[in-house]
Amino acid sequence: NNQRIKDGIPGLGFDWFNYGGITRDVDLVQTPKTYIKDYFVQLAQHDENIIDGYVTLDGPSKEQEIEINIPELHVNFKTRTDKEGKAILRFPLRKKTLWTPENPKLYEVHVSAETDRLKEQIGFRTIKVAGTNILLNGKSIFLKGINIHEEVPQRRSRAYSESDYKMLLDWAKELGCNYVRLVHYPHHEKMVKMAEKMGLMVWEELPIYQGIDFADPGMKYKMNFMLKEMIARDKNRAAVIIWSLSNETYPSAARDSSLTALYNLTKSLDNTRLVTSAFNNRR
């Protein structure tokens, strides 16, 4: 349904459109009755030699043994989920190569439960600020980047294939960029993963922008829902260094309180990344 509505996110009447029915892949995933619902395997914000994360299960058998394997680093960590299906991950990770734009190292990580298992490639790095310096793995880094929409100019249509994503990211690399702002909505997860493999840091953004009625009672739920989905999908991507909550919103008391609440929710879900909003005006 591509109908635009006043209380939608994004809203009405602007110069780009995130509508049009199904425009991305649809995957049907078969799972066991009790399956790995979520996992977070990243370095602790305060110590780059420690993994600080979790695994959660969903289903009837929530208490199970959990195992994390990183074969290349000879890591084998075991723990158990509690009655709610959650296991805390905390173990040392010392002899690893940190992910950087110059060397975007990824490791194969296996996450196993008694009834389910999965694997994916994960990179490890820290991102912080110290005064006006942005620190990647403790070293000051200068961000050189551009905005990218999920669009292909040659066809004047949405980017939808891996070759489309590669073309857009290749252009950024050719310009000398080390990071990209993927505006103004979470781009396809394949594009984020491709940026990660190419050594491009990523600013990932919610479609909260001009015209949003922050005083609308239902808006908080919609914003929170979108934020949770974005973080749930890409929180294990080393390339993603910034969660952006909004773009060019109009000043108001409702706007300020809404974005403050959204910031606090972001930090409660993931405290390992920077959080920002893009503004084009002053109060």
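Scroll up to find the structure this text is about.
Just so we're clear, the structure is a prediction, and the values are computed from it rather than from any experiment.

K.L.:
Talk me through the overall build of the chain; I want residue IDs and the actual numbers.
P.N.:
Helix and strand content of the chain: 4 helices and 18 strands. Its C-alpha radius of gyration of 20 Å places the chain within 12% of the 19 Å reference for a compact globule of 283 residues. With the principal axes as the frame, the chain shows a C-alpha extent of 50 × 45 × 40 Å. Relative to its full complement of 283 residues, the chain shows a buried share of 49%. In the chain, 64% of the contacts between residues at least 6 apart in sequence involve partners at least 24 apart. Carbon and sulfur atoms make up 50% of the accessible area of the chain, which amounts to about 14800 Å² in all.

K.L.:
Account for helix α2 (residues 189–198), naming residues and giving values.
P.N.:
Those residues of α2 lying buried are M191, V192, M194, A195, E196 and M198. Phi turns positive one or two residues past the end of α2, at G199, with a value near 80°.

K.L.:
Please give an account of the packing of aromatic side chains that cites residues and values.
P.N.:
Scanning the entire structure with this criterion turns up 4 aromatic pairs. Consider the rings of Y221 and F225, whose centres lie 6.0 Å apart with planes at 25°: the pair is stacked. Here the residue Y221 and the residue F225 both occupy positions in helix α3 (residues 219–234), the gap between them amounting to 4 residues, near one helical turn. Sitting over the face of the ring of Y54, K86 holds its NZ or CZ atom 4.6 Å from the ring centroid. Looking at K105, its charged tip hangs above the ring of Y107, at a distance of 4.9 Å from the centre.

K.L.:
Which residues make up the packing of helix α1 (residues 162–174) against α2, and what are the values?
P.N.:
Contact geometry for α1 and α2: axes closest at 10 Å, N-to-C directions at 40°. Classified by the angle their axes make, α1 and α2 are oblique. Taken as a pair, α1 and α2 cross one another with a handedness that is right-handed. Here E162, Y165, K166, L168, L169, D170 and K173 of α1 lie close against α2, whose contacting residues are K190, M191, M194, A195 and M198.

K.L.:
Could you give an account of the nonpolar core, with specific residues and numbers?
P.N.:
Counting 50 residues, the largest nonpolar core has I148, L169, V180, M201, I208, L227 and L262 as the members making the most contacts within it. Ignoring anything within four residues of it in the chain, the contact list for M201 reads W99, P101, L136, I141, L143, N178, Y179, V180, A239 and I241. Grouped together as the second largest cluster of nonpolar side chains are 24 residues, I36, I66, V109 and V111 included.

K.L.:
Explain the environment of R255 to me, using residue names and the numbers behind them.
P.N.:
Along the chain, the position of R255 falls in helix α4 (residues 253–269). With 87 residues separating them along the chain, R255 and L168 place their C-alpha atoms 33 Å apart.

K.L.:
Provide a residue-level description of the pattern of salt bridges, including the pertinent values.
P.N.:
The final tally for this structure, using the stated rule, is 18 salt bridges. The closest approach of N and O atoms between E150 and R24, which form a salt bridge, is 2.8 Å. Of this pair, E150 sits in the loop between β12 (145–148) and β13 (151–152) while R24 sits in the segment before β1 (35–40); the two residues are 126 residues apart in sequence, bridging distant segments of the chain. E150 sits in the buried class, given a relative accessible area of 1%. Accessibility expressed as a relative area gives 29% for R24, which makes it partly exposed. Where D58 meets K62, a salt bridge forms, and the shortest distance between an N and an O atom there is 4.0 Å. K62 gets classed as partly exposed once you look at its relative accessible area, which sits at 25%.

K.L.:
So what's going on with a nonpolar patch on the surface? Residues and values would help.
P.N.:
On the surface, I22, V26 and L28 cluster together into a nonpolar patch covering about 410 Å² of accessible area. Position of I22 among the secondary structure elements: in the segment before β1.

What counts, and at which threshold
Residues numbered from 1 in each chain as written. Predicted model: local features only at pLDDT ≥ 70, side-chain atom pairs only at ≥ 80, totals over all residues. Heavy atoms only, no water. Helix = DSSP H or I, 4+ residues; strand = E, 2+ residues; numbered from the N terminus. Rg over C-alpha atoms; globule rule 2.2 N^0.38 Å. Buried < 20%, exposed > 50% of the residue type's maximum accessible area, 1.4 Å probe, protein only. Contact = heavy atoms within 4.5 Å. Areas by Shrake-Rupley, 256 points an atom, 1.4 Å probe, with all protein chains shown as cover. Phe/Tyr/Trp six-rings, centres within 6.5 Å; stacked < 30°, edge-to-face > 60°. Lys NZ or Arg CZ within 6 Å of the ring centre and 35° of its normal. Axes fitted to C-alpha atoms, helices over the stretch in contact; angles between N-to-C directions. Parallel < 35°, antiparallel > 145°, perpendicular 65-115°, else oblique. Left-handed = near helix turned anticlockwise from the far one by under 90°. Core = buried A, V, L, I, M, F, W, Y, C linked by side-chain atoms within 4.5 Å. Salt bridge = Lys/Arg side-chain N within 4 Å of Asp/Glu carboxyl O. Patch = residues over 30% accessible without salt bridge, like charges linked within 9 Å, V, L, I, M, F, W, Y side chains within 5 Å.

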